[in-house]
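Structure at a glance
Spelled out, the chains give:
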Amino acid sequence: MLKTDVCIVGAGPGGVATALKLSYLGIPCILIDKSVFPRDKICGDAISGKVSTLLNRLDPEIMFRFNQRDRQTDVWGVRFVAPNRKIVDIPFKPGYIRNEKAAPGYVSKRVDFDAFLIEEVKRRDNIQFFDQTAIAEFERNEDGYLLSTANRAFQVSCRLLIDASGAHSPFSRKHAGLEMDHAHHAGAVRAYYRNVKDFAVDNFIELHFLKDTTPGYFWVFPLPNGEANVGLGMRSDIIKDRKVNLRKEMLRIIAEDPSIAPRFADAELIGEIQGYGLPLGSKTRQLSGDHYMLVGDAGHLIDPLTGEGIGNAFYSGIIAAEQAEVCLKKEIFSEKFLTAYDIRIQRVLGSEMKLSYQMQRIGSKPFLLNLVTNIIQSNRKILDYFSAMYTDFGLRGQLVKPWFWIKMWIQRPDLKNPRIEKDAKG
Ligand SMILES: Cc1cc2nc3c(=O)[nH]c(=O)nc-3n(C[C@H](O)[C@H](O)[C@H](O)COP(=O)(O)OP(=O)(O)OC[C@H]3O[C@@H](n4cnc5c(N)ncnc54)[C@H](O)[C@@H]3O)c2cc1C
């Protein structure tokens, strides 16, 4: 039986971020995954600026090595297509100049991205990594937790368990009590296609809000070598109520939708259409207890508007590692002490999740999406506001205020506010 202070179950982005942060803090840990890498994870493969910012903070060399590869597209913005088919292209940075070395976002197949992260893990001497090891039992013992495979041939006793085993985590459901709630959960399908035509400029990722699938969207994310990640996601309660078959609906959109079908006329499906769940962070959950913390999808931390979960898995992993450092220093692993983790997650991600949830509910009304698109299209300055909103959370909060939209409608952005003016100019 192995013994360690910190054991992380799951080596996706959340588990790897936790292990790398611990490693850089000088704290040895054990990291376990049931898969053999490279392994796939069903995902849209869009990697936001959150991820590159956090990897840069950890060690700029990691992002340098990432950018040396040619397995990702560099992404410079988002194309929103409203139910009335009007298009709004919003760059991630206002007035950006394309710089090949430092893109604000990426699309990278998870099979490649997660394998890259595992290579980074293997560079670190103080992370013991076990693949092909599925943890089946989680038992309390005098240290904290005893983790075992089904045949008990592999066992680890740890003082602190970090569960980063994803959306289907048995520990999160059975031990931490995080039940699936259909109103705070989404289902999505994705497939890879070759030869899709007419992508937006500078690899803008495309979100198509179609009348029948809001709240939720159909996406086309450009990959290298003429490939694309294509998918459709919706909230699970709506899928259930409307009895939507996401696979069929996605194929129908590709075959029949007037703005999408022509682009897929010569396209070829690579492999299968696959589906997976997205536990959304629109409901506050308890993420820690005696001797454990939940990270990433195991803690239901996916953005309820965009479906972005990799960045939040990274954030929660880094915060969990920092909390582990405090626990080890003070030798306290109690539920009460670990609430500090929940408080920090709320502080860092809570308001963003709340705002995304408000926007998700606004987005469920196609007429409102059309109205907002018309307003944005009518004024160049509004586009600049939107670009600034990616990095300025204060500005983003304006989106759910009716007064903001009235002001935009009458085309008088408040340029007297120097902060807004600065951001709008980049
Ligand atoms: C269709 C779809 C599209 C999405 N698109 C995007 C997107 O474009 N951008 C974005 O940011 N997010 C997206 N997401 C969300 C994103 O995929 C997740 O939020 C992200 O993968 C969470 O990372 P994680 O490390 O928490 O979990 P995961 O990536 O799921 O990793 C969990 C790891 O735990 C391992 N594991 C599981 N059980 C055990 C066990 N018992 N023992 C040992 N190991 C175990 C698994 O093998 C896996 O490697 C999408 C999700 C879906 C379903």
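Everything below is about the structure printed above this text.
All of the points below concern the structure found in this document. All values derive from a computational prediction rather than experimental measurement.

1. A look at the pairing of strand β6 (residues 87-91)
Where strand β5 (residues 77-81) and β6 come together, 5 bridges link them in antiparallel fashion. Following the sheet pairing, valine 78 is matched in β6 by isoleucine 90. Between β5 and β6, which follow one another and run antiparallel, lie 5 residues, and arginine 85 among them has a positive phi close to 70 degrees.

2. Let's talk about the sheet that holds strand β7 (residues 105-108)
The strand order β3-β7-β4 describes an open sheet built from 3 strands, whose pairing is antiparallel. Two strands in the sheet have a free side with no partner beyond their single neighbour: β3 (46-47) and β4 (72-75). For β3 and β7, the ladder comprises 2 bridges, and the chain directions are antiparallel. What sits directly across from alanine 46, in β7, is valine 107.

3. Some remarks on the layout of surface pockets
Here the second largest pocket is characterised by a volume of approximately 220 Å³. Lining of the second largest pocket is provided by 17 residues; of these, Gly281, Lys283, Thr284, Gln346 and Met353 occupy positions nearest its centre. Looking at the lining of the second largest pocket, its residues break down into 6 nonpolar, 7 polar and 4 charged.

4. Observations concerning the site of the ligand
The full set close to the ligand counts 38 residues, and Gly14, Asp33, Gly44, Ala46 and Asp297 are the nearest of them. Here an oxygen atom of the ligand sits 2.8 Å away from a polar atom, N or O, in the main chain of glycine 14. Side-chain polar atom of lysine 41 to an oxygen atom of the ligand: 3.2 Å apart, as the coordinates give it. Here the ligand has 1,000 Å² of accessible area as a free molecule, and 94% of this is covered by the chains. Of all the secondary structure elements, the ones that give two or more residues to the shell around the ligand are α1 (13-24), β14 (216-222), β16 (268-279) and α8 (310-330). With 3 residues, the top contributor of residues to the shell around the ligand is β16. Of the residues in the shell around the ligand, the class split is 18 nonpolar, 12 polar and 8 charged.

Definitions and cut-offs
- Per chain, the residues get numbers from 1 upward, laid out in the order the sequence is written.
- Only residues with pLDDT of at least 70 are given local features in this predicted model, and only at 80 or more are side-chain atom pairs given and counted; all residues enter the totals for whole chains, interfaces and linings.
- Hydrogen atoms and water are omitted, and side-chain values are computed over all heavy atoms in the structure.
- Two strands form a pair only when DSSP identifies at least two bridges running between them.
- In this description a helix means any DSSP run of H or I spanning at least four residues, a strand means any run of E spanning at least two, and both kinds are numbered starting from the N terminus.
- Here a cavity denotes grid points, spaced 1 Å and computed from the protein atoms alone, that fit a 1.4 Å probe unable to get out, and a pocket denotes an open set having protein on both sides within 12 Å along at least 5 of 7 lines; residues with an atom within 4 Å of a point are the lining.
- Grid points are joined across faces, edges and corners, and a volume is the space filled by probe spheres set on the points.
- Throughout this entry, Asp, Glu, Lys and Arg are counted as charged residues, while Ala, Val, Leu, Ile, Met, Phe, Trp, Tyr, Cys and Pro are counted as nonpolar. The remaining residues, Gly among them, count as polar.
- Residues are counted as near a molecule or strand when any one of their heavy atoms sits within 4 Å of it.
- A 3.5 Å cut-off defines polar contacts: any pair of N or O atoms within that distance qualifies, except that in protein one atom must be a possible hydrogen donor and the other a possible acceptor, and neighbouring residues in sequence count only when both atoms are side-chain atoms.
- Each accessible area value is a Shrake-Rupley result obtained with a 1.4 Å probe; residue values ignore everything except the protein chains displayed when judging cover.

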